[in-house]
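# Observations on the three-dimensional arrangement
As a plain string of letters, each chain reads:
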Amino acid sequence: MDISAQAAVAVDVPPAPTRIDWIREPQALDKWLDRAPGKPLALDTEFERVNTFYPIPGLVQLGLDGEFCLVDPSVAEQSGRFREVLADPDTPKLLYAMSEDLELFRQWLNLQPAGVIDLQIGAAMAGAGFSLGYARLVETLFGETLDKSATRSDWLARPLSDAQQRYAIDDIRFLEPMYHWVSALLRDRGLEAALVEESARFANELAGQEDPDNHYLKLRAGWTLSAQQQGVLKELVRWRERECQRRDRPRNRVLADALLIAIAERLPASVKELSNIQGVPSGAVRRYGDTLIELVSRGSTADNSSLERIAPPLSRDQQGFFKQLKRLFRNAAEDADIPMELLAPRKRLEKVVQQPDLAQHDFFQGWRAQILAPVRADIEELLKS
């Protein structure tokens with residue numbers, strides 16, 4: 001789709017404010033949020049995460065009913081109404097590429113926002129392309145070029161520069177008109193509810209990936225390990241996640257993924273054997289040696305028969321099958337003008353190849369069932385062959 005030809009669908013964009021409004025007190029934020037209950041709330045955050053496990057909130061940007069404000073995190077976290085609105089499924093929260101924002105809210109406020117709408121997903125569903133950048137979409141739809149010079153500036157410092165403040169406002173100023181543009185196009189295509197559904201599914205999937213018990217499954221290089229060794233890897237990764245949280249340090253500052261895999265492969269029975277594994281820092285051996293040996297022992301003696309294994313890469317035969325299956329999904333994606341990457345992400349499609357039982361997958365539930373209906377019989381026939 002030529003999205004520039006669709007720009008006329010969008011409503012007028014609120015002009016850049018002549019002054020930047022800050023909300024300095026929690027009670028003032030409560031009152032501001034109550035001005036238009038239930039109306040879409042444009043939402044964005046700025047944060048820092050360089051030497052920490054948890055993101056450090058630097059700024060909250062809010063837009064409601066054509067007005068915009070900036071809020072210090074210390075004010076936002078004391079606002080009871082702010083937490084209520086985030087958790088309210090009936091108040092749409094408009095974000096763009098929301099994964100890092102949602103992670104921040106979960107870890108900073110211990111809160112999983114509900115009613116979130118990811119307009120990057122919406123733009124893809126509307127035919128604008130997969131993973132389209134915010135600035136590019138703004139320029140195409142609304143003819144404004146955003147100044148991105150403040151993107152990587154220090155958001156924890158105060159006072160923020162004028163350029164930082166205007167950058168922060170621009171990150172929310174276009175969200176509501178973008179929402180109306182997306183909604184109008186999706187309504188015409190019968191996919192307006194699909195955006196709500198897919199945004200919620202994506203948010204829930206992101207939250208599930210933070211579970212320390214399941215994080216080992218993301219270490220794809222560990223697929224060659226035996227069930228016993230993967231059981232050890234699960235123990236090691238779960239410990240590493242909790243240690244990172246406890247010390248608020250990035251994963252690589254504790255033990256990198258490759259080292260955890262190496263330890264699980266070698267199954268050291270003593271601190272001396274652990275120290276002989278290439279790449280394991282002597283400081284990590286001194287600090288964590290006894291704990292790591294205990295984890296190896298626990299994991300290697302556990303019953304790992306029912307352990308979920310790390311997905312291996314597709315075999316040669318499976319790759320041929322994958323290409324056939326992908327062709328059918330791509331036909332449906334092209335007919336519906338939905339990006340293939342959104343309809344059937346590669347990892348999810350690989351799982352269908354490895355477990356060819358559609359009952360174990362959700363491709364034929366919700367909005368995807370509508371898109372895939374024309375090729376469903378062909379897919380089912382292929383999976384039976």
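Residues numbered from 1 in each chain as written. Predicted model: local features only at pLDDT ≥ 70, side-chain atom pairs only at ≥ 80, totals over all residues. Heavy atoms only, no water.

Note the following rule: UniProt positions are given in the numbering used here, feature names are shortened, and annotations may be inferred rather than shown by experiment.
Under an unreviewed UniProt entry, the name given to the chain is Ribonuclease D, and the organism recorded is Marinobacter adhaerens. A UniProt comment under Subcellular location (unreviewed entry) is attached to the chain, and it reads "Cytoplasm". According to UniProt, the comment filed for the chain under the heading Catalytic activity (unreviewed entry) is "Exonucleolytic cleavage that removes extra residues from the 3'-terminus of tRNA to produce 5'-mononucleotides."

### Remarks on the packing of helix α10 (residues 227-247) against helix α14 (residues 282-301)
Rules: Note on method: axes are straight lines fitted to C-alpha atoms, helices fitted across the in-contact stretch only, with angles between N-to-C directions ranging 0 to 180 degrees. Helical segments are the DSSP runs of H or I of at least four residues, strand segments are the runs of E of at least two, and each set is numbered from the N terminus. Should an angle lie under 35 degrees it is considered roughly parallel, over 145 roughly antiparallel, and from 65 to 115 roughly perpendicular; all remaining angles are considered oblique. Whether a crossing is left-handed or right-handed is set by the direction in which the near helix is turned from the far one by less than a right angle, anticlockwise for left-handed and clockwise for right-handed. Residue contacts are defined here by distance: any two heavy atoms, one from each residue, within 4.5 Å place the two residues in contact.
Running from N to C, α10 and α14 cross one another at 140°; their axes reach a closest spacing of 8 Å. Looking at the two axes, α10 sits oblique to α14. As for the relative orientation of α10 and α14, their crossing is right-handed in sense. For the pair α10 and α14, the contacting residues are Gln228, Gly231, Val232, Glu235, Leu236, Trp239, Glu243 and Arg247 in the first and Arg287, Tyr288, Thr291, Leu292, Leu295, Val296, Arg298, Gly299 and Ser300 in the second.

### Focus on empty space enclosed by the protein
Gaps between atoms show up when a probe of the same size as a water molecule is rolled over them. What counts here: Here a cavity means grid points, on a 1 Å grid over the protein atoms only, where a 1.4 Å probe fits yet cannot get out; a pocket means an open set of points with protein on both sides within 12 Å along at least five of seven lines; lining residues are those with an atom within 4 Å of a point. Grid points are joined across faces, edges and corners, and a volume is the space filled by probe spheres set on the points. Residues are grouped as follows: nonpolar covers Ala, Val, Leu, Ile, Met, Phe, Trp, Tyr, Cys and Pro; charged covers Asp, Glu, Lys and Arg; every other residue, Gly included, is treated as polar.
Using the criterion set out here, one finds one cavity of 30 Å³ or more in the structure. Computed from the structure, the largest cavity encloses a volume of approximately 60 Å³. Leu33, Ala36, Pro37, Gly38, Lys39, Leu41, Leu64, Arg81, Val85 and Thr91 together form the lining of the largest cavity. For the lining of the largest cavity, the residue count by class is six nonpolar, two polar and two charged.

### Quick look at the nonpolar core
Stated precisely, the cut-off is as follows: Here, the term nonpolar core denotes a set of buried Ala, Val, Leu, Ile, Met, Phe, Trp, Tyr and Cys residues that are joined through side-chain atoms within 4.5 Å. Partly exposed describes any residue whose relative accessible area lies between the buried limit of under 20% and the exposed limit of over 50%, with all areas from a 1.4 Å probe on protein chains only and scaled to the type maximum. Segmentation into domains, and thus their bounds, comes from an automatic or database assignment.
Formed by 68 residues in total, the largest nonpolar core has its most connected members in Tyr96, Met125, Met178, Leu325, Phe329, Ile338 and Ile379. If you tally residues by element for this core, the top one is helix α15 (residues 316-336), at eight residues. When residues of this core are assigned to domains, at least three fall in each of domain 1 (3-207) and domain 3 (316-384). Phe53, Trp239, Ala262 and Ile277 belong to the second largest nonpolar core, which has 30 residues in total.

### Notes on the side chain of serine 300
Note the cut-off: Polar contact is defined as a pair of N or O atoms within 3.5 Å, subject to the rule that within protein one atom must be able to donate a hydrogen and the other to accept it, and that residues adjacent in sequence are counted only when both atoms are side-chain atoms.
Position of serine 300 relative to the elements: it lies in helix α14. In this structure the side chain of serine 300 is engaged in a polar contact, spanning 2.8 Å, whose partner is the backbone oxygen of valine 296. Sequence-distant contacts of serine 300, defined by excluding residues within four places in its chain, comprise Gln228, Val232 and Leu267.

### Concerning the pairing of strand β3 (residues 56-64)
Put simply, the rule reads: Pairing between two strands is assigned when DSSP locates at least 2 bridges connecting them.
Along β3, seven of the nine residues are buried, which leaves the element largely enclosed by surrounding structure. As defined by bridge partners, β3 adjoins strand β4 (residues 67-71) across five bridges and the pair is classed as antiparallel. Bridge assignment links leucine 62 to a residue of β4, and that residue is cysteine 69. In this antiparallel pair of consecutive strands, β3 and β4, the connection spans two residues, and aspartate 65 shows a positive phi of 55°.

### Section: the pattern of salt bridges
Definition in use: Here a salt bridge means any side-chain nitrogen of Lys or Arg lying within 4 Å of a carboxyl oxygen belonging to Asp or Glu.
Inspection of the entire model under this criterion finds 28 salt bridges. Across the salt bridge formed by arginine 49 and glutamate 103, the nearest N and O atoms sit 2.9 Å from each other. Note that arginine 49 is positioned in the loop between β2 (41-48) and β3 and glutamate 103 in helix α4 (residues 99-109), a separation of 54 residues in sequence. Relative accessible area serves as the criterion here: at 30%, arginine 49 is assigned to the partly exposed category. Owing to a relative accessible area of 18%, glutamate 103 belongs among the buried residues under this scheme. For aspartate 171, the salt bridge goes to lysine 148, with nearest N and O atoms at 3.9 Å.

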